[in-house]
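# Descriptive analysis of the structure
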Amino acid sequence: MRWLAAFSIRNTVLVHMLVLGLLLMGTYAYLNLPRQLMSELAFNWAFIRVDYAGVPADDLEQLIAIPIEEQVRNVDGVSSVTNRSKEGFTFFSVKFESLSDEEFEAAYQELKDAVAVVRLPEEAEDPFWLNFSSADFVPMVSLVLAGDMSKKMLFDTAQTLEDEIEAIEGISKVDLGGVQERQIWVEVDPDLLHANGLSIGIVVNALRAANVSIPGGLLTVGSSDYLLRTTNQFDAVAAISDVVLGARPGGGAITVGDVSSIEDLWEEAKVRARYENDPAVTLTVAKKPEGNSLALTEEIRALADRWNERLGDQGRIAITGDSSKQIASMLGDLQTNALFGMVLVVAVLWLVLGLRNALLTALGIPLAFLATFIFMWWSGASLDGNSLFGLVLVLG
């Protein structure tokens, strides 16, 4: 390596420019590196569940499992498909090949489009989708919305807050906990039904016909595919009441509202959340791999503060499970260890080689770290528990 030392001595200006460039680019890379608690691992799996209450496994296989499996196997990137059917539901595990994050997102959307083409029985529930990564086990941050407010206001506020958090660039998804689904109950009066010469089957069929969402297949235009669907669904309770069941003998229409009472209710709670003795909803936030946990958490904190001002005495939003505190602590430990290591290096070399040589040698520590940050930023790596452990280990 003597030639390198001789070259550096002869070209001091070039060396100084390279060091300056390393300082600038390394600092820029350090400031823009994503920060998270642990490295995110994508499993490249997707899970699909379709519920069809009361239907035996053999019928589910013929009506739902086989048609869906035929479509799924045609999706690019799918490695294997496993299906299991039991009474009332059928479940699919779809394994993809080794794909990048962008390729997996595209394949996952293609999988959804393929399943949407399958014409499911009208009584079957819509497919439930799930795919997860290691970030789902260690969320970036969790929020709790609680307060003395009605269920409708609590759930509507949680949905609005979820939309605003998901709109932040770098946020992957937000999972709600403790939210009950809205349910519309139509309670038919048997006496009114009999007096009008109607049956419960007429009411069921009329409601089903007036509330439809029918997939129409794919329309190919050039190189683009468009998913077609016919929709005519209820958007208000009054629309249910106005559904026509038949005609009166003396003229006029018999509607659902004439023979039943309609209530806007909530499903039975499967999960109950409370915070400081008030009803609550939890929001668990996960970020995209390129997102910066520290910056994103600050944005979410600012959003929570604005919501707290808006809610006033009606409710409050608290931040829980904040991983950014651990990340900041780990970065602080790295900086402390780096500074302490430099001091020890300078002290030992000063005693052995003198102060001038000690200072020159000590410059290699920050420059080596800056060069590492440039490579990490270029390769898409992040500052997390694994990388920080490696840096501290090398520093030692």
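Before reading on, note that the structure itself is shown above.
Described in the following lines is the structure provided in the data block. (Residues numbered from 1 in each chain as written. Predicted model: local features only at pLDDT ≥ 70, side-chain atom pairs only at ≥ 80, totals over all residues. Heavy atoms only, no water.)

## Details of the overall build of the protein chain
If you tally the helices and strands in the protein chain, you get 14 helices and 15 strands. For the protein chain, the C-alpha radius of gyration of 31 Å lies well beyond 21 Å, the compact-globule estimate for 396 residues. For the C-alpha atoms alone, the extent of the protein chain along its principal axes is close to 110 × 55 × 40 Å. Within the protein chain, buried positions represent 33% of all 396 residues. Of the accessible surface of the protein chain, which amounts to about 23900 Å², a share of 57% is contributed by carbon and sulfur atoms. When the 28 positive and 52 negative side-chain charges of the protein chain are each reduced to one mean point, those points stand 8 Å apart. (Helix = DSSP H or I, 4+ residues; strand = E, 2+ residues; numbered from the N terminus. Rg over C-alpha atoms; globule rule 2.2 N^0.38 Å. Buried < 20%, exposed > 50% of the residue type's maximum accessible area, 1.4 Å probe, protein only. Areas by Shrake-Rupley, 256 points an atom, 1.4 Å probe, with all protein chains shown as cover. Lys, Arg positive; Asp, Glu negative; His and termini not counted. Charge placed at Lys NZ, Arg CZ, Asp CG, Glu CD.)

## Re the packing of aromatic side chains
Two descriptors summarise a pair of aromatic rings, namely the distance from one centre to the other and the angle between the planes of the rings. Under the definition given, this model contains 7 aromatic pairs. Aromatic side chains Tyr-28 and Trp-377 sit 5.5 Å apart centroid to centroid with 90° between the ring planes, which places their arrangement in the edge-to-face category. Within this pair, whereas Tyr-28 is found in helix H2 (residues 12–32), its partner Trp-377 is found in helix H13 (residues 364–379), the two being separated by 349 residues in sequence. On the accessibility criterion, Tyr-28 (46% relative accessible area) is partly exposed. Ring-pair connections join several aromatic residues into one group, and the members of that group are Tyr-30, Phe-369 and Phe-373. (Phe/Tyr/Trp six-rings, centres within 6.5 Å; stacked < 30°, edge-to-face > 60°.)

## Structural notes on the nonpolar core
Within the largest apolar cluster, 25 residues are counted, with the highest numbers of intra-cluster contacts made by Ile-48, Ile-68, Val-72, Val-94, Phe-96 and Leu-111. Those elements that provide at least two residues to this core are strand E1 (45–51), helix H3 (57–72), strand E2 (78–86), strand E3 (89–96) and helix H4 (101–117). Ranked by residue count, the leading element in this core is H4, at 6 residues. Discounting chain neighbours no more than four positions away, the residues touching Phe-96 are Asn-44, Ala-46, Gly-77, Val-78, Ser-79, Phe-104, Ala-107, Tyr-108 and Leu-111. (Core = buried A, V, L, I, M, F, W, Y, C linked by side-chain atoms within 4.5 Å. Contact = heavy atoms within 4.5 Å.)

## Some thoughts on the pattern of salt bridges
Applying the stated criterion across every chain yields a total of 6 salt bridges. The residue Glu-276 makes a salt bridge to Arg-316 at a minimum N-O spacing of 3.3 Å. Of this pair, Glu-276 sits in the loop between strand E13 (274–275) and strand E14 (278–287) while Arg-316 sits in strand E15 (residues 316–320), placing them 40 residues apart in sequence. (Salt bridge = Lys/Arg side-chain N within 4 Å of Asp/Glu carboxyl O.)

## As for the packing of helix H5 (residues 151–166) against helix H10 (residues 293–311)
For the pair H5 and H10, interaxial distance at closest approach is 11 Å and the crossing angle is 150°. Here H5 lies roughly antiparallel to H10, going by the angle between them. The chirality of how H5 crosses H10 is right-handed. Only Ile-300, Leu-303, Trp-307, Arg-310 and Leu-311 of H10 make contact with H5, whose side of the interface consists of Met-153, Thr-157, Thr-160, Leu-161, Glu-164 and Ile-165. Across the contact of H5 with H10, the residue classes break down as 7 nonpolar, 2 polar and 2 charged. (Axes fitted to C-alpha atoms, helices over the stretch in contact; angles between N-to-C directions. Parallel < 35°, antiparallel > 145°, perpendicular 65-115°, else oblique. Left-handed = near helix turned anticlockwise from the far one by under 90°. Nonpolar A, V, L, I, M, F, W, Y, C, P; charged D, E, K, R; others polar.)

## What to know about the sheet that holds E1
In sheet architecture, strand pairing relies on hydrogen bonds along the backbone and comes in two forms, parallel and antiparallel. Strands sit in the order E2-E3-E1-E4 across an open sheet of 4 strands; the sheet is antiparallel. Since the sheet does not close on itself, it has two edges, and those belong to E2 and strand E4 (128–130), each with one partner. Geometrically, the sheet is characterised by an average inter-axis angle of 15° between neighbouring strands, direction not taken into account. Of the pairings in the sheet, the one linking E1 to E3 comprises 7 bridges and is antiparallel in character. (Pairing = 2+ DSSP bridges.)

## Side note on helix H7 (residues 200–210)
Listed in full, the buried residues belonging to H7 are Val-203, Ala-206 and Leu-207. On an axial view of H7, the arc spanned by its buried residues comes to 95°, and they lie on one face. Where H7 is buried, its residues meet strand E7 (182–188), helix H6 (190–195), helix H8 (237–241), strand E10 (244–247) and helix H9 (256–259). (Arc of directions from axis to C-beta.)

## With respect to a nonpolar patch on the surface
Judged by side-chain polarity, Val-13, Met-17, Leu-20, Leu-23 and Leu-24 come together as a nonpolar surface patch covering roughly 490 Å² of accessible area. By the element assignment, Leu-23 lies in helix H2. For Leu-23, a relative accessible area of 37% gives the class partly exposed. (Patch = residues over 30% accessible without salt bridge, like charges linked within 9 Å, V, L, I, M, F, W, Y side chains within 5 Å.)

## Focus: the packing of H2 against H13
The geometry of H2 relative to H13 is characterised by a closest axis approach of 8 Å and an angle of 55° between their N-to-C directions. Between H2 and H13, the angle falls in the class oblique. Here H2 runs over H13; the crossing is left-handed. On the side of H2, the interface is formed by Val-19, Leu-22, Leu-23, Met-25, Gly-26, Thr-27, Tyr-28, Ala-29, Tyr-30 and Asn-32, while H13 contributes Leu-367, Leu-370, Ala-371, Phe-373, Ile-374 and Trp-377. Split by residue class, the contact of H2 with H13 holds 13 nonpolar, 3 polar and no charged.

## Overview of a negative patch on the surface
Together, Asp-101, Glu-102, Glu-103, Glu-105, Glu-169, Glu-290 and Glu-299 make up a region of like negative charge exposed at the surface. With 4 residues, the top contributor of residues to the negative patch is H4. Relative accessible area serves as the criterion here: at 76%, Glu-169 is assigned to the exposed category.

## Notes on the environment of Thr-27
With respect to the helices and strands, Thr-27 occurs in helix H2. Sequence spacing of Thr-27 and Phe-369 is 342 residues, and the spatial spacing of their C-alpha atoms is 9.9 Å. In contact with Thr-27, other than residues within four places in its own chain, are Leu-22 and Leu-370.

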